[in-house]
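Coordinate inspection notes
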Amino acid sequence: LINKKVPFLLYGLIDAALDYRNVTNLGKYIKSKQNVQHIVISLRKNMYEQCDQLVCIYKVSDVTRTIVIGMKELYGGDLMMENKVIKSKEEENVGE
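Worth saying up front: this structure is predicted, and the values here are computed from it rather than measured. (Residues numbered from 1 in each chain as written. Predicted model: local features only at pLDDT ≥ 70, side-chain atom pairs only at ≥ 80, totals over all residues. Heavy atoms only, no water.)

**Comments concerning the overall build of the protein chain**
The condition that has to hold: A run of H or I in DSSP becomes a helix once it reaches four residues, and a run of E becomes a strand once it reaches two; helices and strands are each numbered from the N terminus. Exposure classes here rest on a 1.4 Å probe applied to the protein chains alone. A residue is buried below 20% of its type maximum, exposed above 50%, and partly exposed in between. Every residue pair with non-hydrogen atoms within 4.5 Å of one another is taken to be in contact. Areas reported here follow the Shrake-Rupley algorithm with a probe of radius 1.4 Å; residue values treat only the protein chains shown as occluding.
The number of helices and strands found in the protein chain is four helices and four strands. Each helix and strand of the protein chain, ordered N terminal to C terminal, gives the series β-α-β-α-β-β-α-α. Looking at the protein chain as a whole, 22% of its 96 residues qualify as buried. Sequence-distant contacts in the protein chain: of pairs separated by 6 or more residues, those separated by 24 or more amount to 45%. Only carbon and sulfur atoms are counted for the fraction: they give 55% of the accessible area of the protein chain, which is about 7900 Å².

This is the structure in structure tokens:
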């Protein structure tokens, strides 16, 4: 068995100073690179619409929580998240 390491690149808010069009182009460029894992920290919707997996980190009552969303499984290949709300299981059960 050959153990082959997969490199990963970490980007932190690299899209902050870009306009909508260039953020989209950057996302497409990153997605086009194969055989590398990309970890992108972004607050821009058009960047995370292009991801394969979205990790949401949020804080509730001084406790940090995470949600991992597989975008293809969630939307069946339609990765555009326009006018759609994502809720965690915890948030859905709060009112019960």
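**Concerning the side chain of N46**
Rules: Identification of polar contacts relies on pairs of N or O atoms within 3.5 Å, with a donor-acceptor requirement for protein atoms, meaning one able to donate a hydrogen and the other able to accept it, and with residues adjacent in sequence counted only if both atoms are side-chain atoms.
Within the element layout of this structure, N46 appears in helix α2 (residues 45-48). Relative accessible area serves as the criterion here: at 5%, N46 is assigned to the buried category. For N46, the side chain forms a polar contact with the side chain of T24, separated by 3.0 Å.

**What to know about the confidence of the model for the protein chain**
Worth spelling out the cut-off: Scored between 0 and 100, pLDDT is the confidence that the predictor attaches to each residue.
Averaged over the protein chain, the pLDDT score is 77; the fraction of residues at 70 or greater is 75%. Mean pLDDT across the elements of the protein chain ranges from a minimum in helix α4 (residues 89-92), with 48, to a maximum in helix α1 (residues 20-32), with 91. Long-range and interchain partners of residues 78-94, a stretch whose pLDDT sits below 50, account for 25 contacts in this model, where long-range means more than four residues apart.

**Concerning the pattern of salt bridges**
The condition that has to hold: By definition here, a salt bridge exists when the distance from a side-chain nitrogen of Lys or Arg to a carboxyl oxygen of Asp or Glu is within 4 Å.
Going through the model one piece at a time under the given rule, you end up with one salt bridge. The salt bridge involving D52 is made with K31; its shortest N-O contact spans 3.0 Å. Here D52 is found in the loop between α2 and β3 (53-60), whereas its partner K31 is found in helix α1, with 21 residues between them in sequence. Residue D52 is classed as partly exposed on the basis of its relative accessible area of 44%.

**Describing the pairing of strand β1 (residues 8-12)**
For clarity, the threshold we go by: At least two DSSP bridges between two strands are needed for those strands to be called paired. The definition of a right-handed crossover adopted here requires that, viewed with the strands pointing away, the path from the first strand over the helix to the second runs clockwise.
Bridge count between β1 and strand β2 (residues 37-41): five bridges; the pairing is parallel. Paired with Y11 across the strands is V40, a residue of β2. In this view, the connection linking β1 to its parallel neighbour β2 by way of α1 has right-handed handedness.

**Some words on the nonpolar core**
As a reminder of what qualifies: Nonpolar cores were defined as sets of buried Ala, Val, Leu, Ile, Met, Phe, Trp, Tyr and Cys residues, with membership established by side-chain atoms within 4.5 Å.
The biggest cluster of nonpolar side chains holds six residues, and these are C51, L54, Y58, I67, I69 and M71. Secondary-structure elements contributing two or more residues to this core are β3 and β4 (63-70).

**Side note on the side chain of D15**
Tracing the sequence through the fold places D15 in the loop between β1 and α1. Setting aside anything within four residues of it in sequence, one finds D15 in contact with V23, L26, S42, R44 and M47.

**Some details on a nonpolar patch on the surface**
Here is the rule we go by: Residues qualify for a patch when their relative accessible area is over 30% and they have no salt bridge, like charges being joined within 9 Å and the nonpolar side chains of Val, Leu, Ile, Met, Phe, Trp and Tyr within 5 Å.
On the surface, F8, L10, L13, I39, I41 and L43 cluster together into a nonpolar patch covering about 640 Å² of accessible area. Only β1 and β2 provide two or more residues apiece to the nonpolar patch. Mapping L43 onto the fold places it in the loop between β2 and α2.

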